[in-house]
Amino acid sequence: MLKTDKPATTYREQIGILKKKGMLFPDEIFAENFLEKVQYYRLSGYWLSYFEEKDKFVDGLSFEKIASIYIFDKELRNNLLYVIDNIETEVKSKIAYRFVHDCSPLGYMNAQNFRREEYHASWLEKFYRIANIKDRNRELFVSWYKDNYNSKFPFWIVVEMCNFNDISKFYNNLKPKVKKRMRGCFQHDYEYIESWLHTTVLIRNICAHNGRLYNRSLAITPKLLAEMPRDSNTKRIFTPILILKYLCADREIWNEFVKRMEKTFDKYEEWIELEQIGFPSDWRSLLK
């Protein structure tokens, strides 16, 4: 018979449940305060990998370790948002510049530049919906183009009105001959850039929505260059982080990102396991 209801529990009762499963609580006041800030169910994703068997944790697992891993994961997401935000700006700038020179400022309206006309029509329809949204922060800006250019926005304006996911889909749907002409933007063949942008958008969305990265197997694996390491952990977060190195043209931004990562890892090294995030032991030199 299926259960139809589950009773609510207090923070103290939640601690008791975890104690029965073998979790250690050196400081129950800390644990109770932490559970008040981060609910039990959200935190449970971080202790799932520490079950030795059903309803029994491995020996020595403490609540402090789980809390530390959770905070580490939060800092990891913040570090990634920092560098991905800069990559998004770079990608939009590069694609806009190359596309308008190769295909004209209004070339995004021409279905002949795209592989799948139905995808192009859907993408264009979504853009027009975005352009017609009333937003006080850009209403004058949009109205000016509507009034002076009959709503025909040049592509360098379009990219600023679209999110990263839409730009990734735009690039993916371009005809190969168009993408080949744009190779100078990224220094790698378009098959790699398609995959890397798609992966970066996925990671960005996980981070922006406070999703868990620690002990997470990602749904996709990006296309890898011959020089990139390959092992059983390619579905963990390290592989997508490594491709960011190839997408980020601003070396100052990248070096700052690596410094932030080193600071985060140094702070939590006693609590985390590198294999849970797919990081090899030489990850610092690989990122540098």
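Residues numbered from 1 in each chain as written. Predicted model: local features only at pLDDT ≥ 70, side-chain atom pairs only at ≥ 80, totals over all residues. Heavy atoms only, no water.

**Student:** I'd like a rundown of the overall build of the chain, residues and numbers included.
**Tutor:** Across its full length, the chain carries 13 helices and 2 strands. A principal-axis box enclosing the C-alpha atoms of the chain has dimensions of 70 × 45 × 40 Å. The buried share among the 288 residues of the chain stands at 45%. Of the contacts formed within the chain by residues at least 6 apart in sequence, a portion of 65% connects residues at least 24 apart. Between the averaged position of the 47 positive side-chain charges in the chain and that of its 40 negative side-chain charges there is a distance of 6 Å. (Helix = DSSP H or I, 4+ residues; strand = E, 2+ residues; numbered from the N terminus. Buried < 20%, exposed > 50% of the residue type's maximum accessible area, 1.4 Å probe, protein only. Contact = heavy atoms within 4.5 Å. Lys, Arg positive; Asp, Glu negative; His and termini not counted. Charge placed at Lys NZ, Arg CZ, Asp CG, Glu CD.)

**Student:** Kindly report on helix H12 (residues 251-268), identifying the contributing residues and their values.
**Tutor:** Its 18 residues place the ends of H12 26 Å apart at the C-alpha level, agreeing with the 26 Å of an ideal helix rising 1.5 Å per residue. Buried residues of H12: Ile253, Trp254, Phe257, Val258, Met261, Glu262, Thr264, Phe265 and Tyr268, and no others. Taken together, the buried residues of H12 touch helix H4 (63-103), helix H11 (238-247) and helix H13 (283-287). For H12, the N-terminal cap is Asp250; the gap from its side-chain oxygen to the backbone nitrogen of Glu252 is 3.0 Å. (Expected span 1.5 Å × (residues − 1). Polar contact = N/O pair within 3.5 Å; in protein donor to acceptor, adjacent residues only side chain to side chain.)

**Student:** Now, about the nonpolar core: what can you tell me, with residues and values included?
**Tutor:** Counting residues in each nonpolar core, the largest one holds 91 residues, and the members touching the most others are Phe63, Leu80, Val83, Tyr108, Phe155 and Ile237. Those residues in contact with Leu80 that sit more than four places away from it in its chain are Ile203, Cys207, Leu213, Ile237, Ile241, Leu244 and Phe257. (Core = buried A, V, L, I, M, F, W, Y, C linked by side-chain atoms within 4.5 Å.)

**Student:** Report on the packing of helix H10 (residues 190-208) against H11, specifying residues and quantitative values.
**Tutor:** Two numbers describe how H10 lies on H11: the axes approach to 10 Å, and their chain directions differ by 120°. The angle between H10 and H11 places the two elements in the oblique class. Regarding H10 and H11, the two cross each other, and that crossing is left-handed. Contact residues: Ile193, Trp196, Leu197, Thr199, Thr200 and Ile203 in H10; Pro240, Ile243, Leu244, Tyr246 and Leu247 in H11. (Axes fitted to C-alpha atoms, helices over the stretch in contact; angles between N-to-C directions. Parallel < 35°, antiparallel > 145°, perpendicular 65-115°, else oblique. Left-handed = near helix turned anticlockwise from the far one by under 90°.)

**Student:** Before we move on, can you summarise the pattern of salt bridges with the specific residues and values?
**Tutor:** Throughout the structure, instances matching the rule amount to 21 salt bridges. Between Arg260 and Glu256 there is a salt bridge whose closest N-O contact spans 3.1 Å. Of this pair, Arg260 and Glu256 both sit in helix H12, separated by 4 residues, roughly a single helical turn. Judged by relative accessible area, which is 33%, Arg260 ranks as partly exposed. (Salt bridge = Lys/Arg side-chain N within 4 Å of Asp/Glu carboxyl O.)

**Student:** Can you tell me about a negative patch on the surface, naming the residues and giving the values?
**Tutor:** Judged by side-chain charge, Asp27, Glu64, Glu269 and Glu270 come together as a negatively charged surface patch. Among the structural elements, Glu270 can be located in the loop between H12 and H13. (Patch = residues over 30% accessible without salt bridge, like charges linked within 9 Å, V, L, I, M, F, W, Y side chains within 5 Å. Areas by Shrake-Rupley, 256 points an atom, 1.4 Å probe, with all protein chains shown as cover.)

**Student:** Which residues make up the packing of aromatic side chains, and what values do they have?
**Tutor:** Tallied over the entire structure, the rule returns 30 aromatic pairs. Summarising the aromatic geometry, the rings of Phe34 and Tyr70 are spaced 6.0 Å apart at their centres and angled 90° between planes, so their arrangement reads as edge-to-face. Linking Phe34 in helix H2 (residues 28-37) with Tyr70 in helix H4, this pair joins segments that are 36 residues apart in sequence. For Phe34, a relative accessible area of 6% gives the class buried. Their ring planes at 45° and their centres at 5.7 Å tell us that Trp196 and Tyr246 sit as a pair that is tilted. Within this pair, whereas Trp196 is found in helix H10, its partner Tyr246 is found in helix H11, the two being separated by 50 residues in sequence. By relative accessible area, which is 23% here, Tyr246 ends up partly exposed. The ring of Tyr171 is capped by Lys179, whose NZ or CZ atom sits 5.7 Å from the centre of that ring. (Phe/Tyr/Trp six-rings, centres within 6.5 Å; stacked < 30°, edge-to-face > 60°. Lys NZ or Arg CZ within 6 Å of the ring centre and 35° of its normal.)

**Student:** Provide a residue-level description of unusual backbone geometry, including the pertinent values.
**Tutor:** The phi torsion at Asp55 lies on the positive side, around 65°, for a residue other than glycine. Inspection of the secondary structure assignment puts Asp55 in the loop between strand S1 (51-53) and strand S2 (56-57). Under the relative-accessibility criterion, Asp55 is labelled partly exposed at 42%. Positive phi values are uncommon outside glycine, yet Ser104 reaches one of about 85°.

**Student:** So what's going on with the packing of helix H5 (residues 117-131) against helix H8 (residues 164-173)? Residues and values would help.
**Tutor:** For the pair H5 and H8, interaxial distance at closest approach is 10 Å and the crossing angle is 150°. The orientation of H5 relative to H8 falls into the category roughly antiparallel. Of the two elements, H5 crosses H8, and the hand of that crossing is left-handed. Residues Tyr119, His120, Trp123, Lys126 and Ile130 of H5 form the contact with H8, whose own contacting residues are Asp166, Lys169, Phe170 and Asn173. Of the residues contributing to the contact of H5 with H8, the split by class is 4 nonpolar, 2 polar and 3 charged. (Nonpolar A, V, L, I, M, F, W, Y, C, P; charged D, E, K, R; others polar.)

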